[in-house]
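Coordinate analysis (summary)
Each chain, letter by letter, is given below.
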Amino acid sequence: MRKSEWSDKQLEELIRQMPKIQDHRDPRDIYQNLSIKKRKLIPWLLPGIATAAAVLLFLILVPNLMDRTNNSFNQAQEKKSLEQTTANKDAGIAMDKEEATSKEGANSGTKEVKLLRTESVKSAIYDDEVGNGKVLTYWIPDQQAQILIPVSTIVSDTGNKSWLTVFAENMASLKEEEWGLSDFYPLNATLELDKNNNSVIVDVPSNHLYGQGSTNETSFINVLQKDIASNSNLRKIEFKTNGEPGIELGNYGTKQEQNIVIDKNHAFLFYYPAGSKLPYLTPTNNTYKDFGTALEAMRADQPENGLKSSLSPSLQIYDVTISDKTLSLSLKDDSTLKDNQLTLYSFEALMLTAKEFGVEKIIVKNSPLTHIGPFDLSKENKVPIAPNLRNIQ
């Protein structure tokens, strides 16, 4: 090979005369391309490492995950089984209660009395239940203000307070609407005993509403009379307005006082509040000449007052006599007397009606059953102290 005839100096001069070559790319692009080319030198390495790590992680976590899954599944199954057992138990109890109340015609619409299939609950108050407490009876209008319903309660720890003070203090605790009755209490008035005149002073404010409409006036006067008559031996009401004698009532005019008339000889029927199958034992507006006539009234409804018959068909009474304040009644030989809630309420309505005619004890003859609820029919049974027990304390 021939040796080049170009000297180094000539070659250097020739290169200087050649056109310049320039790269206009951004340096970051050049670096990126170089980086990509560099990474492509070992394309298999990183995926392999990632795969190996994933396999290792899988081997570590899978047993724990399976244990947790099994535990969660078992816990879920146990919880579901427990909930199902509880639900079945609750459903069974609910069915028992529903069967009892449906069969006996009574349930706890006021949230005050709960009936089970195997128990019957008295409605009235009896002397062995009072103890050291005091029985108070409040007369409350029904929702249509057609009749007055007596509701009684037992108040304890009355101290040396008068019945009127205790009566007034507990008015605000009444739950009339919850019980399915009219919201009437507390009275918009102050009540005070007048011992000199053996009366109750009722003092209303000047803006009272008791004179607006005949229904308000009638309910106000009748409630006061029955409240005082049921809880005391007082026989007169004195009215005041802001301390001044008299009260202005539309149909009555200016009323100074009201004599309390004691009317007895009523029959007790059933009053059912709207949506409830539990009745109140309620006296009729009408009075009757004797117990026999009142007993007949118990067999029929009084739709004009919203009252229903209170004499159960199973309580087939054949004969009644009253002697020495004791009522003796005989049942028919073919009587199908049943020990259930409806019959118990009928028996209590019968005793309250008998009490209206001065009866203090009741004897049942030739009964096919020994008991109606808690009442032992083989013995004398005392009449109630007051109807329709409701707790407010």
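Since the structure is predicted, the reported quantities are computational estimates derived from the model, not experimental observations. (Residues numbered from 1 in each chain as written. Predicted model: local features only at pLDDT ≥ 70, side-chain atom pairs only at ≥ 80, totals over all residues. Heavy atoms only, no water.)

Once that is clear, we can look at the pattern of salt bridges. One pass over the full model with this rule turns up seven salt bridges. A salt bridge links E380 to K361, with the nearest nitrogen and oxygen atoms 3.5 Å apart. Here the residue E380 occupies a position in the loop between β17 (375–376) and β18 (381–382), and K361 occupies one in strand β15 (residues 361–365), the gap between them amounting to 19 residues. In this structure E380 comes out as partly exposed when scored by relative accessible area, which is 46%. (Salt bridge = Lys/Arg side-chain N within 4 Å of Asp/Glu carboxyl O. Helix = DSSP H or I, 4+ residues; strand = E, 2+ residues; numbered from the N terminus. Buried < 20%, exposed > 50% of the residue type's maximum accessible area, 1.4 Å probe, protein only.)

The next subject is the packing of aromatic side chains. With the rule as written, the count across this model stands at ten aromatic pairs. Judged by centre distance (4.3 Å) and plane angle (20 degrees), the rings of Y138 and F167 are stacked. Separated by 29 residues along the polypeptide, Y138 in strand β1 (residues 134–141) and F167 in helix α4 (residues 163–169) bring together distant segments of the chain. Its relative accessible area of 2% is what places F167 among the buried residues. Taking 6.1 Å as the distance between ring centres and 90 degrees as the angle between the ring planes, the aromatic pair formed by F270 and Y272 counts as edge-to-face. Given the relative accessible area of 1%, F270 is considered buried. Taken together, the ring pairs connect Y138, W163, F167, F184 and Y185 into an aromatic cluster. Across from the ring centre of F375, 5.9 Å away, lies the NZ or CZ of K122, which sits over that ring. The ring of W139 has K226 lying over it, and the distance from NZ or CZ to the ring centre is 4.8 Å. (Phe/Tyr/Trp six-rings, centres within 6.5 Å; stacked < 30°, edge-to-face > 60°. Lys NZ or Arg CZ within 6 Å of the ring centre and 35° of its normal.)

Running from N to C, helix α6 (residues 291–298) and helix α7 (residues 341–356) point in directions that differ by 150 degrees, and their axes come no closer than 10 Å. When the axes of α6 and α7 are compared, the crossing they make is right-handed. Residue-level contacts link F291, A294, L295 and M298 of α6 to A349, L350, T353 and A354 of α7. Of the residues belonging to the contact of α6 with α7, the class tally is seven nonpolar, one polar and no charged. (Axes fitted to C-alpha atoms, helices over the stretch in contact; angles between N-to-C directions. Left-handed = near helix turned anticlockwise from the far one by under 90°. Contact = heavy atoms within 4.5 Å. Nonpolar A, V, L, I, M, F, W, Y, C, P; charged D, E, K, R; others polar.)

Core analysis: the largest hydrophobic core is formed by 77 residues, its most contacted members being Y185, V202, F220, F347, L350 and I362. Per-element accounting of this core gives the leading share, eight residues, to α7. Contacts of F347, omitting those with residues within four sequence positions, involve L315, I362, V364, I372, F375 and L377. (Core = buried A, V, L, I, M, F, W, Y, C linked by side-chain atoms within 4.5 Å.)

Right, let's talk about the pairing of strand β5 (residues 236–241) for a bit. Here strand β4 (residues 199–204) runs beside β5; their pairing, made up of five bridges, is parallel. Across the sheet, I201 pairs through a bridge with E238, a residue of β5. Since β4 and β5 lie parallel, the crossover through helix α5 (residues 214–231) that links them has a hand, and here it is right-handed. As paired elements, β5 and strand β9 (residues 257–259) share three bridges and run antiparallel to each other. Note on β9: the bridge partner recorded for K236 is N259. The pairing of β5 with strand β6 (residues 244–245) spans two bridges and is antiparallel. (Pairing = 2+ DSSP bridges. Right-handed = clockwise from strand over helix to strand, strands pointing away.)

Pairing is antiparallel in the open sheet, where three strands are placed in the order β11-β10-β12. The sheet is open, and its two edges are formed by β11 (280–283) and β12 (307–308), each paired on a single side. Those strands touched by α7 are β10 (268–271) and β11, and its axis lies near 140 degrees from that of β10.

Here we take up the confidence of the model for the protein chain. On average, residues of the protein chain carry a pLDDT of 81, and 70% of them reach 70 or more. Taken as a whole, residues 26–45 scores under 50 in pLDDT and shows three contacts with residues more than four places along the chain or in a different chain. Every residue in residues 79–118 is under pLDDT 50, and counting partners more than four places away or in other chains gives 44 contacts. (pLDDT = per-residue confidence, 0-100.)

A few words on empty space enclosed by the protein. One pass over the structure, following the stated rule, counts two cavities of 30 Å³ or more. In this model, the largest cavity occupies a volume close to 60 Å³. Contributing to the lining of the largest cavity are W163, L164, F167, L187, L191, V200, V202, L224, D227 and I228. Where the lining of the largest cavity is concerned, the elements lending two or more residues are α4, β4 and α5. In this structure, the second largest cavity is lined by L315, L329, L331, F347, L350, V364, I372 and L377. Those elements that provide at least two residues to the lining of the second largest cavity are β14 (326–331) and α7. Per-class residue counts for the lining of the second largest cavity are eight nonpolar, no polar and no charged. (1 Å grid on protein atoms, 1.4 Å probe; cavity = no way out; pocket = protein on both sides within 12 Å on 5 of 7 lines; lining within 4 Å. Points joined across faces, edges and corners; volume = space filled by probe spheres on them.)

Here H266 is to be found in the loop between β9 and β10. Exposure remark for H266: the relative accessible area of 6% places this residue in the buried category. Note: C-alpha distance between H266 and K289 (23 residues apart in sequence) is 9.2 Å. Apart from the residues within four sequence positions on either side, H266 is in contact with P283, T284, N285, N286, T287, Y288, T353, E356 and F357. There is a polar contact of 2.7 Å between the side chain of H266 and the backbone oxygen of T284. (Polar contact = N/O pair within 3.5 Å; in protein donor to acceptor, adjacent residues only side chain to side chain.)

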